[in-house]
Amino acid sequence: MNIVVLLKQTFDTEAKIELTADGKISSAGVNLIINPYDEFAVEEALKLKEKFGGEVVVVSVGGAQAQDAIRQALAMGADRGVLVQDPALEGADHAGVAQALAKAVSTLSYDLILTGWVAIDDNAAQVPGRVAEILNLPQVNLAVKVEVDGNRATVHREGEGATEILEVPLPALITAQKGLNEPRYPSMKGIMQAKKKPIQQLSLADLGLSADAVGAAAAKVTVTSYSLPPKRAGGRLLEGEPQDQARELVRLLREEAKVI
Amino acid sequence: MATAVLVFAEHKEGQWRKVTAELLTRGRAFADQLGGELGAVLLGQGVAGMAGSLGQYGVDKVYLADDERLANYTTDAYTSVVADLIKSLQPQLVLFGHTALAKDLAPRVAQRLGAGLVTDCTGLELAGGKVRFVRPIYAGKAITQGEVSGPPAMVTVRPNVLGVAEVGARTPEVVSQPVQLDPGSLRQLVKDIVKKATGRVELTEADIIVSGGRGMKGPENFKILEELADVLGAAVGASRAAVDAGWRDHDDQVGQTGKTVSPTLYIACGISGAIQHLAGMQSSKYIVAINKDPEAPIFQVANYGIVGDLFTIVPLLTEEFKKALQ
């Protein structure tokens, strides 16, 4: 079976966020990684490939450095990559990015699309649903278990306080939640092989899309400013014996904070 | 009068989600500002009896789709009904809670309608005919402000941030929606739903969260946090370290690769305060930290800190809260 993985390169989870002089998010000195949820998607794709054969293609929208993230997925065992890179996509909203991704995916042959349920940078969780809608695929979000049998997938999906077990026909789009698997580390052999695997570069023009249709001009959501959250001041350390500390904390929460 | 604002009225086991009341409170104000009606969309099976109670939140009209095919949430069926309704009502603004259900539904509906959607907002206002939003990125390490254009402008709002106010009760008109679904278009089959019977509130909607980290030392020790949580009516959370160690379900994880929470009170037990954890909980109103290590970064964000052994402190706290809440 052929599997497409949608992958985004993000800041490392430990990254400290700072603003540039002109008020944008600074990427200086920040470690870039595969979005952790997308890494679960890569791992799941590789497992399914090991079981059923076929090809795993990693598709990303991003700048030139996103090649590193794709290359890492190739080192894990994916077969080839597609990077949609176009300056016109800067300022695109999620609808624009989804269109570019969906168009790139539609040039491939696939039985399943896997991706993370959210990217930990912008936290939007919009692109997978939009791509599934554009490609007219059933979607299952927040998968913690995926089983493929013939042309159907059974997915355990994590709800709030419940696990739902859903069955969908393939092709489908499934998004990964933490708990789906443990992503493998690339082996030295994998890293060497990845260097020879192809990454196809596509511009919007290559996809037959215009900047007016998917770029900043088409964006219905625009960000006007970035800021950092107010710094929390460290508060009071309580003194005394444990019993006194506990009593004092309860008193403070009731009388000072008034939250109990 | 036209529907200016439409709210997806989410419910669970016969109860309104807390965020539904929050959305309707704000939706009422926006509808008045726009000079239109506040509508609520109510989907499910056997839910007609819930419609009237939306009047307490100032709803003018409830659009009710009560159908066996809507008993369990499925993307295909819900997208179809909600998108059709938005198409016919043409509201200026559509509000959803940022819940697991709406995270699945809203992007799909937005794409079908060609609409702009902004998710996980913590602030929302109407100004000069524009919908302006505030939303955290990097799990709260930075904040963005911006605009979403419509109509319809679609928004999901983080639970626990908008608040609920008395808006003046109304008797809403209930408008039954015909449910037209092509069977071939319904591709998801719900085979089973396995509920976790904790009896506790969902983390993202909890007023109080008691959370444990690496300092809990093992899964069995979370029992003392659960006892404290039960006294406080709180949810139980965990840090990535505790989840990665397999002590707690990933559903309980708070942080950049878990849930972002905004409770009134967050009690962090044996959590050092790694940057990825702080990102997920630093918008809590009050933070209490209990940790052996006085140098732990969690103390730099905590309103009240206790340097000490959580295995001694937490049971004492539970007793003190019990006494205080009697």
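Nothing here was measured: the structure is a model prediction, and the numbers come from that model. (Residues numbered from 1 in each chain as written. Chains lettered and ligands numbered in written order. Predicted model: local features only at pLDDT ≥ 70, side-chain atom pairs only at ≥ 80, totals over all residues. Heavy atoms only, no water.)

Let us look at the pairing of strand S4 (residues 37-44) of chain B. Residues and elements named next belong to chain B. For S4, the buried fraction is high: eight of the eight residues fall into the buried class. Burial along S4 is two-sided: the face carrying Glu37, Gly39, Val41 and Leu43 and the face carrying Leu38, Ala40, Leu42 and Gly44 are both buried. Pairing between strand S1 (residues 3-8) and S4: five bridges, direction parallel. Across the sheet, residue Phe8 finds its bridge partner in S4, namely Val41. Two strands pair when backbone bridges link them, and S4 and strand S5 (residues 61-66) are joined in this way by six bridges, in the parallel orientation. Note that in S5 the partner of Ala40 across the bridge is Val62. (Buried < 20%, exposed > 50% of the residue type's maximum accessible area, 1.4 Å probe, protein only. Helix = DSSP H or I, 4+ residues; strand = E, 2+ residues; numbered from the N terminus. Pairing = 2+ DSSP bridges.)

This next bit is on the confidence of the model for chain B. Residues of chain B with pLDDT of at least 70 account for 100%, and the chain-wide mean is 96. Across the interface, the model reports ipTM at 0.96; the global pTM reads 0.96. (pLDDT = per-residue confidence, 0-100.)

Two numbers describe how helix H4 (residues 127-134) of chain A lies on helix H3 (residues 100-113) of chain B: the axes approach to 8 Å, and their chain directions differ by 45°. Taken together, the axes of H4(A) and H3(B) lie oblique to each other. With respect to the hand of their crossing, H4(A) and H3(B) are arranged in right-handed fashion. Of the residues in H3(B), those in contact with A:Gly129, A:Arg130, A:Ala132, A:Glu133 and A:Ile134 of H4(A) are B:Pro107, B:Arg108, B:Ala110, B:Gln111 and B:Arg112. Its residues assigned to classes, the contact of H4(A) with H3(B) comprises four nonpolar, two polar and four charged. (Axes fitted to C-alpha atoms, helices over the stretch in contact; angles between N-to-C directions. Parallel < 35°, antiparallel > 145°, perpendicular 65-115°, else oblique. Left-handed = near helix turned anticlockwise from the far one by under 90°. Contact = heavy atoms within 4.5 Å. Nonpolar A, V, L, I, M, F, W, Y, C, P; charged D, E, K, R; others polar.)

Next up on the list: the pairing of strand S11 (residues 153-157) of chain B. Here is the key point about a regular strand: its side chains alternate between the two faces of the sheet. Residue and element names in this part refer to chain B. In terms of burial, S11 is largely enclosed, as five of its five residues are buried. Burial along S11 is two-sided: the face carrying Ala153, Val155 and Val157 and the face carrying Met154 and Thr156 are both buried. By the bridge criterion, five bridges tie strand S6 (residues 93-97) to S11 in an arrangement that is parallel. Paired with Leu95 across the strands is Val155, a residue of S11. Relative to S11, strand S7 (residues 116-121) runs parallel, the two sharing four bridges. Among the inter-strand pairings, Cys121 is bridged to a residue of S11, identified as Val157.

On to the environment of B:Ser284, then. Turning to its location among the elements, B:Ser284 is positioned in the loop between helix H6 (275-281) and strand S17 (286-291). For B:Ser284, a relative accessible area of 2% gives the class buried. The residues contacting B:Ser284, other than those within four sequence positions of it, are A:Arg232, B:Val261, B:Pro263 and B:Tyr266.

The tally for this structure, following the rule as stated, stands at 45 salt bridges over all chains. A salt bridge links A:Arg236 to A:Glu256, with the nearest nitrogen and oxygen atoms 2.7 Å apart. Of the two residues, A:Arg236 sits in strand S13 (residues 236-237) while A:Glu256 sits in helix H7 (residues 242-256), which places them 20 residues apart along the sequence. Judged by its relative accessible area of 37%, A:Arg236 is partly exposed. For A:Glu256, a relative accessible area of 42% puts it in the partly exposed group. Notably, a salt bridge pairs A:Arg251 with A:Glu255, separated by 3.1 Å at the nearest N-O pair. Residue A:Arg251 and its partner A:Glu255 are both found in helix H7; the two are separated by four residues, about one turn of the helix. Given a relative accessible area of 36%, A:Arg251 falls into the partly exposed group. Counted as one network, the salt bridges with shared partners bring together B:Lys196, B:Glu202, B:Asp249, B:Asp251 and B:Lys259. (Salt bridge = Lys/Arg side-chain N within 4 Å of Asp/Glu carboxyl O.)

Residue-level contacts link 86 residues of chain B with 80 residues of chain A. Interface area for chain B against chain A, summed over the two sides, is near 7,300 Å², with a carbon-plus-sulfur share of 53%. Here chain B is connected to chain A by eight salt bridges. A salt bridge links A:Lys178 to B:Asp244, with the nearest nitrogen and oxygen atoms 2.9 Å apart. For the pair chain B and chain A, the number of links is 54 residue pairs in polar contact (both at pLDDT 80 or more). Among the residues making up the side of chain B that touches chain A, the classes are represented as 37 nonpolar, 27 polar and 22 charged. Note that strand S12 (residues 221-227) of chain A and strand S10 (residues 142-148) of chain B share six bridges and pair antiparallel. Along S10(B), the bridge assignment pairs A:Ser227 with B:Ile143. (Buried area = accessible area lost by both parts, 1.4 Å probe. Polar contact = N/O pair within 3.5 Å; in protein donor to acceptor, adjacent residues only side chain to side chain.)

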